[in-house]
Amino acid sequence: DADEYSWYYGFEVVKPYLLDYTANDGAVVSNKKQDKSTISILIPGCGNDPMLIDLYNAGYHRLTAFDYSEGAIERQKSLLEFLP
């Protein structure tokens, strides 16, 4: 079934935590903001979740996702094929 299902509770729920962990360049003493497009994010078990497209649209472009389901991978490919 190609219905969307989010293991991650949807992007709006995850977004505040993502912003907390990607707010700086990793240096404890630095207040410099890191460009979101350079942050690498791993999405295990991507399934039918629209999280990848939500992340991409929010400016995170270094995304890696996987799933054991071939159908889930094909679903993600179809969702993302229109992105640059």
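Residues numbered from 1 in each chain as written. Predicted model: local features only at pLDDT ≥ 70, side-chain atom pairs only at ≥ 80, totals over all residues. Heavy atoms only, no water.

Novice: Mind showing me how you'd approach the overall build of the protein chain here?
Specialist: From N to C terminus, the protein chain includes three helices and two strands. Mapped from its N terminus to its C terminus, the protein chain presents α and β elements in the order α-β-α-β-α. Expressed as a percentage of its 84 residues, the buried residues of the protein chain come to 29%. Sequence separation of at least 24 residues holds for 54% of the intrachain contacts in the protein chain that already meet a minimum separation of 6. Of the accessible surface of the protein chain, which amounts to about 6000 Å², a share of 56% is contributed by carbon and sulfur atoms. (Helix = DSSP H or I, 4+ residues; strand = E, 2+ residues; numbered from the N terminus. Buried < 20%, exposed > 50% of the residue type's maximum accessible area, 1.4 Å probe, protein only. Contact = heavy atoms within 4.5 Å. Areas by Shrake-Rupley, 256 points an atom, 1.4 Å probe, with all protein chains shown as cover.)

Novice: I'm lost on the nonpolar core in this one. Help?
Specialist: Phe 11, Leu 18, Ile 39, Ile 41, Ile 43, Cys 46, Met 51, Leu 52, Leu 55 and Tyr 60 form the largest nonpolar core, which has 10 residues in total. Those elements giving two or more residues to this core turn out to be helix H1 (11-21), strand E1 (40-44) and helix H2 (51-57). Looking at this core, the element that brings in the most residues is H2, giving three residues. Setting aside anything within four residues of it in sequence, one finds Leu 18 in contact with Phe 11, Ile 41, Leu 55 and Tyr 60. (Core = buried A, V, L, I, M, F, W, Y, C linked by side-chain atoms within 4.5 Å.)

Novice: How do you make sense of the pairing of strand E2 (residues 62-66) when you look at a structure like this?
Specialist: Working note: regular strand, side chains alternate between the two faces of the sheet. Alignment of E1 against E2, held across five bridges, turns out to be parallel. Considered in E2, the bridge of Pro 44 is made with Phe 66. Of the crossover connections in this fold, the one passing from E1 over H2 to the parallel E2 is right-handed. (Pairing = 2+ DSSP bridges. Right-handed = clockwise from strand over helix to strand, strands pointing away.)

Novice: Quick question: what am I supposed to make of the environment of Glu 74 here?
Specialist: Tracing the chain through its elements places Glu 74 in helix H3 (residues 70-80). Here Glu 74 falls in the partly exposed class, since its relative accessible area comes to 42%. Sequence spacing of Glu 74 and Gly 47 is 27 residues, and the spatial spacing of their C-alpha atoms is 9.5 Å.

Novice: Mind showing me how you'd approach the side chain of Asp 67 here?
Specialist: When you line up the elements, Asp 67 lands in the loop between E2 and H3. Buried and unpaired, Asp 67 has no salt bridge, with Arg 75 as the nearest side chain of opposite charge at 11 Å. Side-chain polar atoms of Asp 67 contact the backbone nitrogen of Cys 46, separated by 3.4 Å. From its side chain, Asp 67 meets the backbone nitrogen of Gly 47 in a polar contact 2.7 Å long. (Lys, Arg positive; Asp, Glu negative; His and termini not counted. Salt bridge = Lys/Arg side-chain N within 4 Å of Asp/Glu carboxyl O. Polar contact = N/O pair within 3.5 Å; in protein donor to acceptor, adjacent residues only side chain to side chain.)

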